[in-house]
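Structural overview for review
So the chains spell out like this:
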Amino acid sequence: QVQLVESGGGLVQPGGSLRLSCAASGSTFSIYDMGWYRQAPGKQRELVAAITSGDSTNYADPVKGRFTISRDNAKKTVYLQMNSLKFEDTAVYYCTALRPWNYWGQGTQVTVSS
């Protein structure tokens, strides 16, 4: 079993920033495509950012220009830098291994509130 452990969530004011981290276990992290999902109350879970094993990235439209996904293979860690946060970014954020196998972290709450 691959363990994914998120950290960095919390309460932030609109316009503020947070950086989420996801530490992975195992010895094959570098071959995985990784992503961040989020789920807000009453809304469908959505993939907000993804990064491939080759470091290609893609983002959901609502976060383009504000969020940046990155990875450090030596540290077996994937990050989500979130800037210019909005109320609608409030959600539980999940670190996810996408390929070749699917794994999920436990989630970390991000609350954007004034």
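Reference entry: report on the structure contained in this document. Because the structure is a prediction, the values reported are computed rather than measured.

A look at the pattern of salt bridges
- As enumerated under the stated definition, the model contains 4 salt bridges in all.
- In this structure, Arg 38 engages Asp 89 in a salt bridge whose closest nitrogen and oxygen atoms are separated by 2.9 Å. Of this pair, Arg 38 sits in strand β4 (residues 33-39) while Asp 89 sits in the loop between β8 (77-82) and β9 (91-99); the two residues are 51 residues apart in sequence, bridging distant segments of the chain.
- Judged by its relative accessible area of 5%, Arg 38 falls in the buried class.
- Using a relative accessible area of 0% as the deciding quantity, one classes Asp 89 as buried.

Looking at the nonpolar core
- Among the nonpolar cores identified, the biggest contains 30 residues, and Leu 4, Met 34, Trp 36, Val 78, Leu 80, Met 82 and Tyr 93 are the most heavily contacted of them.
- Broken down by secondary-structure element, the contributors of at least two residues to this core are β3 (18-24), β4, β5 (46-51), β7 (67-72), β8, β9 and β11 (108-112).
- When sequence neighbours within four positions are dropped, the list of residues in contact with Tyr 93 reads Glu 6, Leu 20, Trp 36, Tyr 37, Arg 38, Val 48, Phe 67, Leu 80, Met 82, Gly 107, Thr 108 and Val 110.

Re the state of the cysteines
- Counted under the stated rule, the structure contains 1 disulfide.
- Each disulfide pairs two cysteine sulfurs, and for Cys 22 the partner residue is Cys 95, the sulfurs being separated by 2.0 Å. Disulfide Cys 22-Cys 95: torsion about the S-S bond near -80°, hence left-handed. Pair noted here: Cys 22 is in strand β3 and Cys 95 is in strand β9, with a separation of 73 residues, a long-range link.

Quick notes on the rules
Residues numbered from 1 in each chain as written. Predicted model: local features only at pLDDT ≥ 70, side-chain atom pairs only at ≥ 80, totals over all residues. Heavy atoms only, no water. Salt bridge = Lys/Arg side-chain N within 4 Å of Asp/Glu carboxyl O. Helix = DSSP H or I, 4+ residues; strand = E, 2+ residues; numbered from the N terminus. Buried < 20%, exposed > 50% of the residue type's maximum accessible area, 1.4 Å probe, protein only. Core = buried A, V, L, I, M, F, W, Y, C linked by side-chain atoms within 4.5 Å. Contact = heavy atoms within 4.5 Å. Disulfide = S-S within 2.5 Å.

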